[in-house]
Amino acid sequence: MHKSSTWIKRLLNKPENAFMCMVDMSYIQDKFNLVGLENTFPDYESALSVVLDDAPLSCVAANTASRSAAELVYGLVHARYVMTPRGVAKILEKYMAGCFGHCPRENCNRSAVLPIGLCDVVGENTVRIFCPRCMDVYTPPQGVKGATVDGAYFGTGLPHMVLMTRPEFIPSRPRGRHVAKLYGFRIHDSAYDLQRNAFTEYRRSMQQPPNSTSTATADITSTKTSTTAASSIVSTTDVASTTTTTVSSNASNQTSRLENMINAYRRAPLLKR
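All values derive from a computational prediction rather than experimental measurement. (Residues numbered from 1 in each chain as written. Predicted model: local features only at pLDDT ≥ 70, side-chain atom pairs only at ≥ 80, totals over all residues. Heavy atoms only, no water.)

### So, the pattern of salt bridges
We apply this condition: Whenever a carboxyl oxygen of Asp or Glu lies within 4 Å of a side-chain nitrogen of Lys or Arg, that contact is scored as a salt bridge. Numbering of helices and strands starts at the N terminus; helices are DSSP runs of H or I of at least 4 residues and strands are runs of E of at least 2. Only protein chains enter the accessibility calculation, which uses a 1.4 Å probe; a residue whose area is less than 20% of its type maximum is buried, one above 50% is exposed, and one in between is partly exposed.
Applying the stated criterion across every chain yields a total of six salt bridges. One salt bridge connects Lys14 with Glu71, and the closest N-O pair in it is separated by 3.5 Å. Of the two residues, Lys14 is situated in the loop between α1 (6-12) and α2 (25-29) and Glu71 in helix α5 (residues 64-81); the sequence distance between them amounts to 57 residues. Assessed through its relative accessible area of 34%, Lys14 is described here as partly exposed. Residues participating in the shared-partner salt-bridge network are Asp24, Arg86 and Lys90.

### Here we look at the nonpolar core
Rule in force here: Grouping buried Ala, Val, Leu, Ile, Met, Phe, Trp, Tyr and Cys residues that are joined through side-chain atoms within 4.5 Å yields what is termed a nonpolar core. What makes two residues a contact is simply this: any of their non-hydrogen atoms within 4.5 Å.
Ranked by size, the top nonpolar core spans 50 residues in total, and within it Ile28 and Tyr74 carry the most contacts. A per-element tally of this core places α5 first, with seven residues. Tyr74 has contacts with Trp7, Ile8, Leu11, Leu12, Met20, Cys21, Met22, Val23, Ile28 and Val51, leaving out every residue within four places of it along the chain.

### Section: helix α3 (residues 44-51)
Burial analysis of α3 places six of its eight residues in the buried class, the great majority of the element. Those residues of α3 that sit buried are Tyr44, Ala47, Leu48, Ser49, Val50 and Val51.

### Quick word on the confidence of the model for the chain
What counts is decided by this rule: In predicted models, pLDDT denotes the confidence assigned by the predictor to each residue on a 0 to 100 scale.
The predicted model of the chain has a mean per-residue pLDDT of 81, with 73% of residues at 70 or higher. Ignoring residues within four places in sequence, the model shows residues 227-237, a span with pLDDT below 50, making three contacts including any to other chains.

### Some points on the environment of Gly146
With respect to the element layout, Gly146 can be found in the loop between β3 (136-138) and α7 (158-165). Given a relative accessible area of 2%, Gly146 falls into the buried group. Sequence separation between Gly146 and Phe19 is 127 residues, and the spatial gap between their C-alpha atoms is 5.1 Å. Non-local contacts of Gly146, meaning those with residues more than four positions away in its chain, are made with Pro15, Glu16, Ala18, Phe19 and Val127.

### A look at unusual backbone geometry
The phi angle at Asn109 is positive, at roughly 55°, despite the residue not being glycine. You can see Asn109 is positioned in the loop between α6 (85-96) and β1 (114-116). We classify Asn109 as exposed; its relative accessible area is 63%. Even without being a glycine, Arg110 presents a positive backbone phi close to 55°. Here Arg110 shows up in the loop between α6 and β1. Residue classification places Arg110 among the exposed positions, given a relative accessible area of 58%.

### Things to note about a nonpolar patch on the surface
Put simply, the rule is: Nonpolar side chains (Val, Leu, Ile, Met, Phe, Trp, Tyr) are joined into patches within 5 Å and like charges within 9 Å, using only residues with over 30% relative accessible area and no salt bridge. Where accessible areas are quoted, they stem from the Shrake-Rupley method and a 1.4 Å probe; at the residue level, only the protein chains shown are allowed to cover.
On the surface, Leu182, Tyr183 and Phe185 cluster together to form a nonpolar patch covering roughly 340 Å² of accessible area. Examined against the element boundaries, Leu182 turns out to sit in strand β4 (residues 181-182).

### Points about the packing of aromatic side chains
Let me state the cut-off plainly: By convention, a stacked pair of Phe, Tyr or Trp rings (six-membered ring in the case of Trp) has centres within 6.5 Å and planes under 30 degrees apart, an edge-to-face pair has planes over 60 apart, and any other such pair is tilted.
In the structure shown here, the tally under the stated rule is three aromatic pairs. Look at Phe19 and Phe100: their rings are 5.3 Å apart centre to centre, the planes differ by 90°, and that puts the pair in the edge-to-face class. Here the residue Phe19 occupies a position in the loop between α1 and α2, and Phe100 occupies one in the loop between α6 and β1, the gap between them amounting to 81 residues. Classification of Phe19 as buried rests on a relative accessible area of 0%. Given a relative accessible area of 2%, Phe100 falls into the buried group.

### Observations regarding α7
Here is the rule we go by: Directions from the helix axis toward the C-beta atoms define the arc.
Where α7 is concerned, the buried positions are Leu158, Pro159, Val162 and Leu163. Projection of α7 onto a plane perpendicular to its axis shows the buried side chains occupying an angular sector of 125°, all on one side. Looking at the buried positions of α7, the neighbouring elements they touch are α6, β1 and β2 (128-131).

### Overview of the packing of α6 against α7
When two helices pack together, their arrangement is given by the angle between the helix axes and the distance between those axes. Where we set the bar: In this analysis, axes come from line fits to C-alpha atoms, helices being fitted only over the stretch in contact, and the angle between any two N-to-C directions falls in the range 0 to 180 degrees. Reported orientations rely on four angle classes, namely roughly parallel under 35 degrees, roughly antiparallel over 145, roughly perpendicular from 65 to 115, and oblique for the rest. In the scheme used here, Gly and all other residues not listed as nonpolar or charged are polar, with Ala, Val, Leu, Ile, Met, Phe, Trp, Tyr, Cys and Pro taken as nonpolar and Asp, Glu, Lys and Arg as charged.
With their axes 10 Å apart at the nearest point, α6 and α7 run at an angle of 95° to one another. As the angle between them shows, α6 and α7 are arranged roughly perpendicular. For the pair α6 and α7, the contacting residues are Val88, Ile91 and Leu92 in the first and Leu158, Met161, Val162 and Thr165 in the second. Its residues assigned to classes, the contact of α6 with α7 comprises six nonpolar, one polar and no charged.

So, in structure tokens, the structure goes:
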């Protein structure tokens, strides 16, 4: 039977700390387990005394800074404790009871999840949930108790420590994934990439300045004119004007046909099976 302080019990009774578990007093009292924490902030000793119930209750209630520092100390100790065999066992109890929620992915069939932090630095992110079935990380839904606690209080390796040390709790992988279909026909995996690239190219061509066609026409005209330098001035002028008119008309015809095709596609009603 492991003794616990009344301050820790009050802390864990808060709904926002529902993900956290009870750290044994013997673990907190062992100075070896707290190595490195004494340099995290100046009020470490007073905050630790609050966690261990060594500080007077009246002083704790009146000092908001002491309560915040004590919660920070407990959270950092909690991150170390859950990586121990006894901490893993307590996390597993909550995991089997579904205290951390369930995976939002449809193919996971509401598989139980484990808490995980995206960063080991306090104040960076809130806790996330890790699904052992699809091996992915999600943000807890709004309204879930314990979803607002700092992710550093669990660390980035908690789910992996739990599953690697207790492999009997590893669920089977999902049998399938969502298959995209349109009117009953399966859509190829690369279809969306092809559509996006085609639209990007079309938008880029439509955004070109109007004088780009005339510039290309002038280049073609000058090239043709240079090959017929021995001809008369009148004939060179006629060839250049004819080439300019032909290239310009071809470019305008292609642009108009493309616009007509797009407009017709947009106006077309959806097909029914």
